[in-house]
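# Chains, contacts and geometry: an overview
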Amino acid sequence: MKANKTEIYFWIIMIVTLVFGLLLFNLRIDEGGDDSTYICRAMDVVSSGTYPTFQGPLYPWFLAIFVAIWGPNLIVLKLTSLVCVLGGHYVFYKVARKKMNTSHLLVVLGLMSINSLYLFFSSQTYSESLYALVQYAFLGLLLRLEGKAEEKLSVKQVLLVILPVALCIVCGYLIRTVGAFWVVVAIVYLCLRKYYKVAFVLLGTTIVMLGLWVGVKTAVWGEAKGQSQIEQLTRVHPYEVEKGQETIGGYFVRFAENSEKYLSKHMLRIAGFKPVNSRETSALGTILLYVVFLYGAFCAYKKENRVVLLCAILAATMMGVTFFALQTLWDQYRLIIPYVLASYVVLIYGLYQLFLLMGEKIAKIAIGAVVCLSALLSFSQTIQKIDLMQLRTNLNGNMLYGYTPDWYNYLGMCQAIATELPEDAFVACRKPNMARIYAGGKKFHGIYNFQTEDPDELLNALKERGVTHIILASLRRDPLYPGQGVINTIHRYMHFIVQKYPTAFYEIASMGDENNEPAYLYAINYDAPAIETKD
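Here we summarise the structure given alongside this text. Predicted model, so just to flag it, every value in this text is computed and none were measured.

## Regarding the sheet that holds strand β4 (residues 505-511)
Judged by pairing direction, the sheet is mixed, and its five strands sit side by side in the order β2-β1-β3-β5-β4 without closing on themselves. Among the strands making up the open sheet, the edge pair consists of β2 (444-446) and β4. Adjacent strand axes in the sheet meet at a mean angle of 30 degrees, parallel and antiparallel pairs treated alike. Where strand β1 (residues 427-429) meets β2, three bridges bridge the pair, whose relative direction is parallel.

Written out as structure tokens, the structure reads:
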């Protein structure tokens, strides 16, 4: 394909990505909760310079730039994700356009441009969009490093090229902890290309830069406090400490189960070959995807297709770490979204190489049919996802429009609390960061789990934190099925207290009727133990 035509097609794809990104633009905070957490941490950075703990700090710092200028404006913050998605496509195109088949490259970018599940993250304040942008820069800088190594430059000259790669790895780690494994991607790739000395120097440089960062962090913010993400991941259950630590065998069970969930369910949903809400998994589908992927990686290695090989190493390493590390209960497709584009590169290449075994003509027809089918199915799903009425209503100020009744009532209660309760009221709830966003920045106390059933300890824990009220919501355990129970952490918390002290809580407000997944606001009576003991 001629260079000028390639450029034209690329910019058409960029325009399509922008158009669908805007048509699918979602102004609501996602029910998952992490996006509101990032915003709240950015607000804390601006207000008090607090170090963002638990997850990577770089994304909250990134958002803090915009919070400092425009405040926690959801439109502005969400638009940054759309810019990052577009920037990521641009960077990947520049990285790969002269190093892989241009039709292959444009097909992959084109499929991403019309995919609603992928473009969902172009209007969410999750770290995926920024992480992917930096990731593609890392791939480009790594390929540039390889090119300089081929020129047999001096150690000093090579080091100058290595520093940006190492910096990207550190940035990846600071966005998402798993980004530290980019160094593994780089080492494996360079060793396969037989640049052992360069790989060794890159590893050493990355370690030094990470060490420097730890030193700066400790000097400015001190030692990290609180639970770490790694500590949570090493448990059998992330929230139930009593179940103990995961075993080696347990990690392999995680890998097998997560492979089936993320590949045979989520990857096929993203590709359009399964309905958006499908929950079906398939061991056979998982195996077939592994076979196609591994064959593509093998062919890329044998034929020295550097971009496909690097994408294969990236996707295999990062998704492999994810499958081993994560408890199977998470099951969130966003965890593999940054690696979908790289996976598409390898899978399409692998399929084409398999079809080539039957002849070049058949291969072109077959791969064309698969790509067109995926594009049509994805496009159809995307068109169905567009809701201009919801977007317009949200833009007009009704930020709760579009939520299911459980979330509508819960967040409506949070909005009311911001105006109806005294400023010194401190409310406990299950989703404190979402509550804070919709309550105009008012802080809430989060109850995610508890380690005792003793009513006195539970009540004292609230008292020590200065909690005055508590929200009892009807948040669905399964968002798609309202009749399959609610997230009952707070229900259980209150139940253990009420069993001993029936007057410890009294209802002061409600949102929604009994048949419409209501939310209740209770005040806490800390005098109940003394009164009831006296009686």
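## Section: the nonpolar core
Counting residues in each nonpolar core, the largest one holds 149 residues, and the members touching the most others are F92, F138, L145, Y410 and I471. It is helix α14 (residues 306-325) that provides the largest number of residues to this core, a total of 13 residues. With near-sequence residues (within four places) excluded, L145 lies in contact with V158, V161, I162, V165, L190, V198 and L202. In terms of nonpolar packing, the next biggest core, distinct from the first, is built from 21 residues, I447, L472, Y493 and A528 among them.

## Observations concerning the pattern of salt bridges
Two side chains carrying opposite charge are able to pair once their charged atoms lie near each other. In this structure the tally under the stated criterion is 15 salt bridges. R28 is the salt-bridge partner of E31, the closest N and O atoms lying 3.9 Å from each other. By relative accessible area, which is 9% here, R28 ends up buried. Of the charged contacts in the structure, one is a salt bridge between E128 and R334, with a shortest N-O distance of 2.9 Å.

## Quick notes on the side chain of T322
Inspection of the secondary structure assignment puts T322 in helix α14. Leaving out residues up to four positions away in the same chain, T322 has contacts with N258, L335 and Y339.

## Description of the pairing of strand β3 (residues 469-472)
Alternating positions in β3 separate into two faces, H469 and I471 on one and I470 and L472 on the other, with burial throughout. Sheet topology note: the β1/β3 ladder contains two bridges and is parallel. Across the sheet, A428 pairs through a bridge with I470, a residue of β3. Here β3 pairs with strand β5 (residues 519-524) via four bridges, running antiparallel. When the sheet's bridge partners are listed, I470 is paired in β5 with Y522.

## Here we look at the environment of L212
Within the secondary structure, L212 sits in helix α10 (residues 196-221). Put simply, L212 and N516 are 304 residues apart on the chain and 54 Å apart in space, counted from C-alpha to C-alpha.

## Some remarks on unusual backbone geometry
With a phi close to 55 degrees, E304 is a non-glycine residue in the positive phi region. For E304, the location among the structural elements is in the loop between α13 (283-302) and α14. In this structure, E517 takes a positive phi of about 50 degrees despite not being glycine. If you trace the backbone, E517 turns up in the loop between β4 and β5.

## So, the environment of T50
Considering the arrangement of structural elements, one finds T50 in the loop between α2 (34-48) and α3 (58-70). For T50, a relative accessible area of 39% puts it in the partly exposed group. Spatially, the C-alpha atoms of T50 and W221 are 8.1 Å apart, while their sequence positions differ by 171 residues. Here S48 takes part through its side chain, which lies 2.6 Å from a polar atom of the side chain of T50.

## Observations regarding the environment of L354
Considering the arrangement of structural elements, one finds L354 in helix α15 (residues 340-356). In this structure, the C-alpha to C-alpha distance between L354 and V67, residues 287 residues apart in sequence, is 50 Å. Filtering out sequence-adjacent residues up to four positions away, L354 remains in contact with V292 and Y295.

## So, a nonpolar patch on the surface
Side chains of L18, L22, I75, L79 and L395 sit close together on the surface and give an oily, nonpolar patch of about 400 Å² of accessible area. Elements with a contribution of two residues or more to the nonpolar patch: α1 (3-23) and α4 (74-96). With respect to the helices and strands, L22 occurs in helix α1.

Scoring rules and cut-offs
Residues numbered from 1 in each chain as written. Predicted model: local features only at pLDDT ≥ 70, side-chain atom pairs only at ≥ 80, totals over all residues. Heavy atoms only, no water. Pairing = 2+ DSSP bridges. Helix = DSSP H or I, 4+ residues; strand = E, 2+ residues; numbered from the N terminus. Axes fitted to C-alpha atoms, helices over the stretch in contact; angles between N-to-C directions. Core = buried A, V, L, I, M, F, W, Y, C linked by side-chain atoms within 4.5 Å. Buried < 20%, exposed > 50% of the residue type's maximum accessible area, 1.4 Å probe, protein only. Contact = heavy atoms within 4.5 Å. Salt bridge = Lys/Arg side-chain N within 4 Å of Asp/Glu carboxyl O. Polar contact = N/O pair within 3.5 Å; in protein donor to acceptor, adjacent residues only side chain to side chain. Patch = residues over 30% accessible without salt bridge, like charges linked within 9 Å, V, L, I, M, F, W, Y side chains within 5 Å. Areas by Shrake-Rupley, 256 points an atom, 1.4 Å probe, with all protein chains shown as cover.

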